[in-house]
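Residue-level listing of the chains:
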Amino acid sequence: MSKFYWETKPLKELCSSIGDGIHATPIYVDKSEYFFINGNNLKDGFITITENTKQVSREEFKKYYVELDESTLLMSINGTLGSLALFRGEQVILGKSAAYINCKSIDRKFCYYYLQLDYVQKKMWNEATGSTIKNLSLDSLKNLPIPIPKLETQQRIAAVLSALDTKIELNNRINAELEAMAKTLYDYWFVQFDFPNEKSKPYKSSGGKMMWDSDLKRVIPEGWKAKPLKKMATIVMGQSPKSESYNQNNHGIPLINGAADYVDGSLLANTFTTSPTRLCKKDDLVFCIRATIGNLTFAEDEFCLGRGVAAVRPNLDIYSELVYYTLLNEIERFKKQASGSIIVGIKKEDLTDSNIVEPSNEIVEKFHSIVSPIFKKQRLNKIENKNLSELRDCLLPMLMNGQVKVK
């Protein structure tokens, strides 16, 4: 079957306008409701504003104003090509690495999904110029052939795929709220030390006795003590297998090498190895220890651990949540400890000798009983999102080439 089941037209014939952002640097301000975005701000279908996103004044916003509306699709055309976002009324100035596509006679979401197809993305990369930083010209984008089934068919296809994305987004929002709840409780109990005392009152705020701990070099509740991580968990440092064992054909064990294998808070291996070296088990905490230090998540399966990661396996289930948040709290210290001439990383001793505050068993068990169900729900949502993403990615080409029809 042809890739194009339907008639095609160049994208420019289906849009009222296509253009890119400004090729100049606007004047930045410290605080504003207007943002200057580029292609790296387009992520997972939306404009993502981070703490590093530059802000501009209203005057700069008006100076570089381009009309964007509910028909607008944004796409990165410089550096990382093909990242897409649906414009939702954000007040932004576009940089030169972001293009706008104002859809006119094509459904915006249909176009959004079509442009995500593997062969469309490959076509864009093949037409891009530049040896180090790739650039897709506006002419290439404007002349990209787009299939044009009836508008009703476009909307039906987009609706099927959108339903999956909507559920994924909902799960992500739920997980973010659950994470905030659990983190707040951890901070309250183990940072501020206002865990419930014998009268169910906040310990420190109610005058609970504190004592100096020379290992931790700070005061902690009386009866608590410092304990090295190696006495609460087993550490498995990653070791890269021989490169000739690598494959992308699902042969062997999935290999986790580093930050690139953490996707939306889950481990997602792109490479497999037939000669696994070090392995993690389901429920281990897998921690990024080299180059990008700090990604941390639970393993939902067995993985081979490359040199860039380590597994932390709590000796008791009740330690899981405490160890998880302790590692998160220590990330900045780990980054300072990291060494290496070209790629920095932390050593096994940096992990094993880290001192953790060990509360009373009663408090650990109580924290575990509250937070463990929260973690389980988060992990189930992540598994569901992975399955939904795979279903969407499977359906996408079949819907677009007419192999699967929506009535």
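Naming follows an unreviewed UniProt entry, where the protein chain appears as Restriction endonuclease subunit S of Methanococcoides cohabitans.

Caption draft 1: Expanded view of the side chain of E321. On the secondary structure map, E321 appears in helix α6 (residues 320–329). Despite its burial, E321 pairs with no opposite charge; the closest candidate is R379, at 7.2 Å N-O. Dropping the residues within four chain positions of it, E321 is found in contact with F367, H368, V371, S372 and F375.

Caption draft 2: View of the pattern of salt bridges. Enumeration over the complete set of coordinates arrives at 18 salt bridges. Residues E358 and K227 are paired through a salt bridge, measuring 3.1 Å at the closest nitrogen-oxygen approach. Here K227 lies in strand β15 (residues 225–228) and E358 lies in strand β27 (residues 355–358), a separation of 131 residues in the sequence. Taking relative accessible area as the criterion, E358 reaches 8% and is therefore assigned buried. Between K282 and D283 there is a salt bridge, and its shortest N-O distance comes to 3.5 Å.

Caption draft 3: Layout of the packing of α6 against helix α9 (residues 361–400). Following both chains from N to C, one finds α6 and α9 inclined at 80 degrees, their axes separated by 8 Å at the closest point. The orientation of α6 with respect to α9, classified from their angle, is roughly perpendicular. Contacts between α6 and α9 involve E321, L322, Y324 and Y325 from the first element and V364, F367, H368, V371, S372 and F375 from the second. Partitioned by chemical class, the residues of the contact of α6 with α9 number seven nonpolar, two polar and one charged.

Caption draft 4: Representation of the environment of V309 in the model. By secondary structure assignment, the location of V309 is in strand β26 (residues 309–314). Classification of V309 as buried rests on a relative accessible area of 0%. Residues V309 and F46, 263 residues apart in the sequence, show an inter-C-alpha distance of 30 Å. Beyond its immediate chain neighbours, meaning those up to four positions away, V309 contacts M237, G238, I256, N257, G258, Y262, V286, F287, C288 and I289.

Caption draft 5: How the structure looks around the sheet that holds strand β8 (residues 72–76). Spatially, β2-β11-β8-β9 is the arrangement adopted by the four strands of the open sheet, whose pairing is antiparallel. Each edge of the open sheet is held by one strand with a lone partner, namely β2 (15–20) and β9 (84–86). Taking each pair of neighbouring strands and ignoring which way they run, the sheet shows an average axis angle of 20 degrees.

Caption draft 6: Representation of the nonpolar core. By size, the foremost hydrophobic cluster in this structure holds 45 residues, and its most contacted members are L229, L327 and L351. The dominant element in this core, judged by the number of residues it contributes, is α9, at six residues. Beyond its immediate sequence surroundings of up to four residues, L351 is in contact with L229, I235, M237, F287, I289, A310, L327, F334 and I346. Counting 39 residues, the second-largest nonpolar core is a separate cluster that includes I18, I101, Y113 and L388.

Caption draft 7: Spatial organisation of α9. Here α9 spans 57 Å end to end across 40 residues, near enough to the 58 Å set by a 1.5 Å rise per residue. Note on α9: the residue one or two positions beyond its end, G402, has a positive phi of about 85 degrees.

Caption draft 8: Structural detail: the UniProt feature "domain: Type I restriction modification DNA specificity" (unreviewed entry) in the protein chain. Under the local residue numbering, the UniProt record ascribes the feature "domain: Type I restriction modification DNA specificity" (unreviewed entry) to residues 6–180 and 221–384. Helix makes up 33% of residues 6–180 and strand 24%, whereas the separation of the span's terminal C-alpha atoms amounts to 47 Å.

Caption draft 9: Quick peek at the packing of helix α5 (residues 151–191) against α6. Where α5 meets α6, the axes come as close as 11 Å, and the angle between the chain directions of the two elements is 85 degrees. In terms of axis orientation, α5 runs roughly perpendicular to α6. Between α5 and α6, the contacting residues are E179, A182, K183, Y186, F190 and V191 on the first element and L322, Y324, Y325, T326, L328 and N329 on the second. Classifying every residue of the contact of α5 with α6 by side-chain character gives eight nonpolar, two polar and two charged.

Caption draft 10: The arrangement of the side chain of S162 in detail. As for its position among the elements, S162 is in helix α5. The exposure class of S162 is buried, given its relative accessible area of 10%. Ignoring any residue separated from it by four or fewer positions in sequence, one finds S162 in contact with K109 and Y113.

Caption draft 11: Spatial organisation of unusual backbone geometry. In this model, D44 sits at a positive phi of 55 degrees, which is unusual for a non-glycine residue. By the secondary structure assignment, D44 is in the loop between β5 (42–43) and β6 (46–47). In this structure D44 comes out as exposed when scored by relative accessible area, which is 53%. Although it is not a glycine, K217 adopts a positive phi angle of roughly 60 degrees. Mapped onto the fold, K217 is located in the loop between β13 (210–213) and β14 (218–221).

Rules behind the numbers
- Residue indices begin from 1 for each chain and proceed along its sequence in written order.
- Local features in this predicted model are restricted to residues of pLDDT 70 or higher, and side-chain atom pairs are both shown and tallied only at a pLDDT of 80 or more, whereas totals for entire chains, interfaces and linings draw on every residue.
- By convention in this description, side-chain values take in all heavy atoms of the structure and omit both hydrogens and water.
- In this description a helix means any DSSP run of H or I spanning at least four residues, a strand means any run of E spanning at least two, and both kinds are numbered starting from the N terminus.
- Think of it in three bands: residues with accessible area under 20% of the maximum for their type are buried, residues over 50% are exposed, and the middle band is partly exposed, with areas taken using a 1.4 Å probe on protein chains only.
- A residue counts as positive if it is Lys or Arg and as negative if it is Asp or Glu; His and the chain ends are not included.
- When a carboxyl oxygen of Asp or Glu lies within 4 Å of a side-chain nitrogen of Lys or Arg, that pair is called a salt bridge.
- By definition in these notes, contact holds between two residues if any of their heavy atoms fall within 4.5 Å.
- Between N-to-C directions, angles span 0 to 180 degrees; the directions come from axes that are lines fitted to C-alpha atoms, helices contributing only their stretch in contact.
- Under this scheme an angle from 65 to 115 degrees is roughly perpendicular, one under 35 degrees roughly parallel, and one over 145 degrees roughly antiparallel; angles in between are oblique.
- Any residue that is not Ala, Val, Leu, Ile, Met, Phe, Trp, Tyr, Cys, Pro, Asp, Glu, Lys or Arg is counted as polar, Gly included; the first ten are nonpolar and the last four charged.
- Pairing between two strands is assigned when DSSP locates at least 2 bridges connecting them.
- Residues belong to a common nonpolar core when they are buried Ala, Val, Leu, Ile, Met, Phe, Trp, Tyr or Cys residues joined through side-chain atoms within 4.5 Å.
- By this rule, a helix spans an expected 1.5 Å times one less than how many residues it contains.
- UniProt positions are given in the numbering used here, feature names are shortened, and annotations may be inferred rather than shown by experiment.

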